[in-house]
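So you can see what is in the structure, the chains are spelled out below.
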Amino acid sequence: MATPVVPPTTPTNTAPITPGATPRIYSPLSTFPIKDQQPTGSPLNPLHWGAWFSYQKSKLNLPNPGKFERLHSEAKDTFVTNYLFDGAQANIVKELSGNFHVQHQFSLGSQVMPPMYNFMSGYMTERTMAQGTMDNDTNLNAVVRHAWSARTATKVVAQITHMPGQSMLQIDQDYTGSDFSCNIKAMNPNPLEFTGLYMANYLQSITPNLALGTEVVLQRPTPDMEETAMSLVGKYTGSDFVATAQFQGLGAIQASYYQRINEKVEFGAEMNIMVQNGRREAVATVGGKFDFRQATFRGQIDTTGRVSAVLEEKMAPGFSFLISGDLDHMKGQSKFGVGIMLSA
């Protein structure tokens, strides 16, 4: 008589393994919750106040507020200030590799600039960015930025020209924390005489929506001349808007508001107020950005009677046609420009 074959039984507490899935490894530590890592020192000891302050702040889970120098960037991106040109312009961009590219720019017919040729090159990796520009008069502008870690980065900006007093060297050091950012900047520093322009700023998230910060500027053109200024800033970020205000010690106030209507429509407004020596001046600017299927339109108007607009039409992959217009009603001046951009 043959002996019956009994199939192996599967434990009831073991889930079947799905083919192609990674089997789960049992760990006795997985059944215990992660313990709250409190500082070891007493909160009553002044030597441990820094550790307890960082611990309590980390429990708030505040976001990073962004860089101080980009406080008004959301509103300014809807303006045409950085995109205006007049005359005729041609830009040819060539991607030589995944990290290196070159660009040729030709411009002529401008009312404020002579005919000019610019050669630009750029190199970029995950941590390093280098970019240089040289025009037909051999004036050189260079920017090098290197991220030492996920939190610290150093940037060097250099400008070399033939005009006396126009060359410039700037060194920036950034540090980005989980809920704050700070920056130290030196422009044309002279360590021997301690001359130059020095700036330090700090921006801290107070709540998930509100961030406050300050900036200190020290200017020493000569060893016997010194001037300082301080500014206070506040930034409130909503679900689809950003409001920013900056108060400077010299009687200047700058406020901006950015509103995102949808994925294709954005609006921005900015107001600059100057109150100094009994004089009051104010300029308000409103701009909008519209993204279409094959075009991007930016337009702005301010209280001085200036109306500007830039249209970028993508005619084909890698080819764009640009139209720029600027009309100043108070001065009776107008500028118009056309250009092309070719990427290969």
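Structural notes, computed from the coordinates.

What counts, and at which threshold
- Residues numbered from 1 in each chain as written.
- Predicted model: local features only at pLDDT ≥ 70, side-chain atom pairs only at ≥ 80, totals over all residues.
- Heavy atoms only, no water.
- Phe/Tyr/Trp six-rings, centres within 6.5 Å; stacked < 30°, edge-to-face > 60°.
- Lys NZ or Arg CZ within 6 Å of the ring centre and 35° of its normal.
- Helix = DSSP H or I, 4+ residues; strand = E, 2+ residues; numbered from the N terminus.
- Buried < 20%, exposed > 50% of the residue type's maximum accessible area, 1.4 Å probe, protein only.
- Polar contact = N/O pair within 3.5 Å; in protein donor to acceptor, adjacent residues only side chain to side chain.
- Contact = heavy atoms within 4.5 Å.
- Salt bridge = Lys/Arg side-chain N within 4 Å of Asp/Glu carboxyl O.
- Pairing = 2+ DSSP bridges.

Another point: the packing of aromatic side chains. Counted according to the given criterion, the structure contains eight aromatic pairs. Put simply, the rings of Y175, F180 and Y202 touch in pairs and so form one group of aromatic residues. Above the ring of Y83, the side-chain terminus of R298 is found at 4.0 Å from the ring centroid.

Before going further, it helps to examine the side chain of T78. Topologically, T78 is positioned in the loop between α2 (73-76) and β1 (87-95). Residue T78 is classed as buried on the basis of its relative accessible area of 0%. A distance of 2.6 Å separates a polar side-chain atom of T78 from the backbone oxygen of A75. For T78, the side chain forms a polar contact with the main-chain nitrogen of G268, separated by 3.5 Å. Residues in contact with T78, not counting those within four places in the same chain, are Y258, E266, F267, G268, G287, G288, K289, R298 and G299.

Quick look at the environment of T195 now. Structurally, the position occupied by T195 is in strand β9 (residues 195-205). When its relative accessible area of 8% is taken as the criterion, T195 is described as buried. T195 sits 28 residues away from P223 along the chain, and the two C-alpha atoms are 6.2 Å apart. Setting aside chain neighbours within four positions, we find T195 in contact with N188, P189, N190, R220, P221, T222 and P223.

A separate point is the pattern of salt bridges. Enumeration according to the criterion identifies 11 salt bridges in this entry. The salt bridge involving K185 is made with E69; its shortest N-O contact spans 3.6 Å. Of this pair, K185 sits in strand β8 (residues 180-190) while E69 sits in the loop between α1 (49-59) and α2, and the two are 116 residues apart along the sequence. Classification of K185 by relative accessible area gives buried; the value is 15%. Residue E226 pairs with R220 through a salt bridge whose shortest N-O separation is 3.0 Å. The class of E226 is exposed, set by a relative accessible area of 52%. Residue classification places R220 among the buried residues on the basis of a relative accessible area of 12%. What you see here is one network of salt bridges that share partners, running through E69, D172 and K185.

Positive phi is not limited to glycine here, since N188 has a value of about 50°. Among the secondary structure elements, N188 is positioned in strand β8.

In terms of strand pairing, strand β14 (residues 265-276) meets strand β15 (residues 279-291) through 12 bridges, oriented antiparallel. By the bridge assignment, V265 is partnered in β15 with F290. As paired strands, β15 and strand β16 (residues 295-302) are joined by seven bridges and run antiparallel to one another. Its bridge partner being in β16, K289 is matched across the sheet by R298.

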